[in-house]
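# Remarks on the overall topology
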Amino acid sequence: ISGEAGSGKSLVARSVHARSRRRNGPFVTLDCSRTPVDRLVADLSESDGALAAADGGTLFLDEVGHLPDPAQLALMRFLDTGEIAGFDGGHRLSVRVIASSRRPLDDLSGPAGLRQDLYFRLNVLTLAVPPLRERTEDIPLLVDTMVRQINRDNGSRYTRFTAAAVQCLAG
C-alpha cells in the first residue's frame, strides 16, 4: 500500500484484514521506521515477536522501506519457509503480510532500499492511496465517522456538522 503520510494506508490495511477470512485473527502493526533494528529483527524472527503474534491474522509492516538488511533477511526467511526460530518441530505460521510505504514500492527496491528478492515477494498486489486533497468527496464521511467516534468515546451526543461546515472543510 503506497500513499502520502496521513492518506489512510493503515486504514486500508485494517479494512483488507477486516474483510478477509483472517478477520477473526490478530491484526499486528510493526512500525519499521521507528522500531530499533534489534527489535525489528526479533519481531520478525523470534517466537515472542510481532510475526508470531500475527499467526492466523495479518502483520502490517508500516514504512517497509525502512527495514534494515538484518530485518529484511529475517522476513525473507519467513516468507520462504513460513517458519521462525523458537518453534520446535517446524511449526509453520499462517500470516498475511501487508506492507506500506510513503513511496511506491518500485522506488524502494535497489541498493539503498529493499532487497530485490524481498521486493518481488511483497509486490503481489499494489494499492495506491491518493491523498485526501484528491478525494474531497470522502470528507463528509470522515467527519461523520469522527463525530460518531467522539460521541462513543466521550458519551456525548453531538449530532453532526452543518452542511456549510462540511463544505468549508472540503474547501
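Structure report, in brief. The numbers attached to residues start from 1 for each chain and follow its sequence in the written order. Note on the predicted model: pLDDT of at least 70 is required for a residue's local features to be given, and 80 or more for side-chain atom pairs to be given and counted; whole-chain, interface and lining totals, by contrast, use all residues. As a rule here, side-chain values cover all heavy atoms of the structure and leave hydrogens and water aside.

Moving on, we come to the overall build of the protein. Starting at the N terminus, helices and strands are each numbered in turn, a helix being any DSSP run of H or I of at least four residues and a strand any DSSP run of E of at least two. Across its full length, the protein carries eight helices and three strands. In the protein, the succession of α and β elements from N to C terminus is α-β-α-α-β-α-β-α-α-α-α. Counting all 171 residues of the protein, 37% fall into the buried class. Relative to all contacts within the protein whose residues are 6 or more apart in sequence, the contacts with residues 24 or more apart total 68%. Note on areas: Shrake-Rupley with a 1.4 Å probe; residue coverage comes only from the protein chains shown. Of the accessible surface of the protein, which amounts to about 10300 Å², a share of 52% is contributed by carbon and sulfur atoms. Separation between the mean location of the 21 positive side-chain charges and that of the 21 negative ones in the protein comes to 7 Å. To sort residues, take the accessible area from a 1.4 Å probe on protein chains only and compare it with the maximum for the residue type: under 20% means buried, over 50% means exposed, and anything in between is partly exposed. Contacts between residues were defined by any pair of non-hydrogen atoms, one from each residue, lying within 4.5 Å. Here the positive residues are Lys and Arg and the negative ones are Asp and Glu; neither His nor the chain ends is included. Charge positions are represented by NZ for Lys, CZ for Arg, CG for Asp and CD for Glu.

On to unusual backbone geometry, then. Leave glycine aside and you will find that most residues have negative phi; peptide bonds, for their part, are mostly trans. In this structure, E63 is a non-glycine residue whose phi angle is positive, near 60 degrees. Topologically, E63 is positioned in the loop between β2 (58–62) and α4 (69–81).

This paragraph deals with the nonpolar core. Taken as a class, soluble globular proteins show a tendency for nonpolar side chains to be buried jointly. Nine residue types can take part in a nonpolar core, namely buried Ala, Val, Leu, Ile, Met, Phe, Trp, Tyr and Cys, and a core is a set of them joined through side-chain atoms within 4.5 Å. The biggest cluster of nonpolar side chains holds 26 residues, and the ones touching the most others in it are L44, L51, L59, L61, V64, L67 and V95. By residue number, the principal contributor to this core is α4, which donates five residues. Not counting residues up to four positions away in its chain, the partners in contact with L61 are L30, C32, L44, L75, V97, I98, A99 and S100. Membership of the second largest hydrophobic core comes to six residues, among which are I1, A13, F60 and V129.

Spatially, three strands are ordered β1-β2-β3 in an open sheet, and the strand pairing comes out parallel. Each having just a single partner strand, β1 (27–31) and β3 (96–99) make up the two edges of the open sheet. Averaged over neighbouring strand pairs, the angle between their axes works out to 20 degrees when direction is ignored. Strands β1 and β2 of the sheet are contacted by helix α2 (residues 37–45), whose axis makes an angle of about 155 degrees with β1. At least two bridges found by DSSP between two strands is the condition for calling them paired. Every angle, taken between N-to-C directions, lies between 0 and 180 degrees, and every axis is a line fitted to C-alpha atoms, over only the stretch in contact when it is a helix.

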